[in-house]
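One letter stands for each residue in the lines below.
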Amino acid sequence: SPSSSASDGGRRPARRRRGRGLLRRLGAMSRLLRGMFEVPEVKANVLQMQGLSLWLAKLAPWGLPLTLAIGWCVYPALTPSFKQSIGLEKPPPSGQTFTYEKSGIGELPELAS
């Protein structure tokens, strides 16, 4: 074939053979899968998912910075009891949980016993 080079001895790349061998081993399932991709709706969904996966792959380098930024903004808003329930904070050493009461608007909260 025109695409083969002298270095590979005119053989097809191993990757193509491996893929075709897999389809051959699947037998009847391969015919079903090939037929399924001929349905226009399925083909459109497959192309849409491929486009989405390419878009997400372009965003992958931003994953860690975005996660850190979101965590930096959200963590202070979490209540201490929620942080303790998911294991982000240890409970107080006495085992007692402390709550605060606020009796009116604009007053400082007081420790409830």
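Refer to the structure printed above.
Parameters at a glance
- Residues numbered from 1 in each chain as written.
- Predicted model: local features only at pLDDT ≥ 70, side-chain atom pairs only at ≥ 80, totals over all residues.
- Heavy atoms only, no water.
- Helix = DSSP H or I, 4+ residues; strand = E, 2+ residues; numbered from the N terminus.
- Buried < 20%, exposed > 50% of the residue type's maximum accessible area, 1.4 Å probe, protein only.
- Contact = heavy atoms within 4.5 Å.
- Phe/Tyr/Trp six-rings, centres within 6.5 Å; stacked < 30°, edge-to-face > 60°.
- Lys NZ or Arg CZ within 6 Å of the ring centre and 35° of its normal.
- Salt bridge = Lys/Arg side-chain N within 4 Å of Asp/Glu carboxyl O.
- Expected span 1.5 Å × (residues − 1).
- Patch = residues over 30% accessible without salt bridge, like charges linked within 9 Å, V, L, I, M, F, W, Y side chains within 5 Å.
- Areas by Shrake-Rupley, 256 points an atom, 1.4 Å probe, with all protein chains shown as cover.

**As for the overall build of the protein chain**
Logical step 1: Scanning the protein chain from terminus to terminus reveals 5 helices and 2 strands.
Logical step 2: Ordered by position from N to C terminus, the α and β elements of the protein chain give α-α-α-α-α-β-β.
Logical step 3: Here the protein chain holds 113 residues, and 4% of them are scored as buried.
Logical step 4: Contacts in the protein chain between residues at least 24 apart in sequence constitute 0% of all its contacts with a sequence separation of at least 6.

**As for the packing of aromatic side chains**
Logical step 1: Using the criterion set out here, one finds 0 aromatic pairs in the structure.
Logical step 2: The ring of Tyr75 carries the charged tip of Lys83 above its face, separated from the ring centre by 3.9 Å.

**Digging into the pattern of salt bridges**
Logical step 1: Considering all chains together, one arrives at 1 salt bridge under this definition.
Logical step 2: Close ionic contact of Glu89 with Lys83 constitutes a salt bridge, the shortest N to O distance being 3.9 Å.

**Overview of helix H4 (residues 63–74)**
Logical step 1: Here H4 is 12 residues long and its end C-alpha atoms lie 16 Å apart, about the 16 Å a rise of 1.5 Å per residue gives.
Logical step 2: Counted residue by residue, H4 has 0 buried out of 12 residues, so it is predominantly exposed.

**Describing a nonpolar patch on the surface**
Logical step 1: On the surface, a cluster of nonpolar side chains totalling about 930 Å² of accessible area is made up of Met49, Leu52, Trp55, Leu56, Leu59, Trp62, Leu66, Ile70 and Val74.
Logical step 2: Of all elements in the fold, only helix H3 (40–59) and H4 reach the threshold of two or more residues within the nonpolar patch.
Logical step 3: As for its position among the elements, Val74 is in helix H4.

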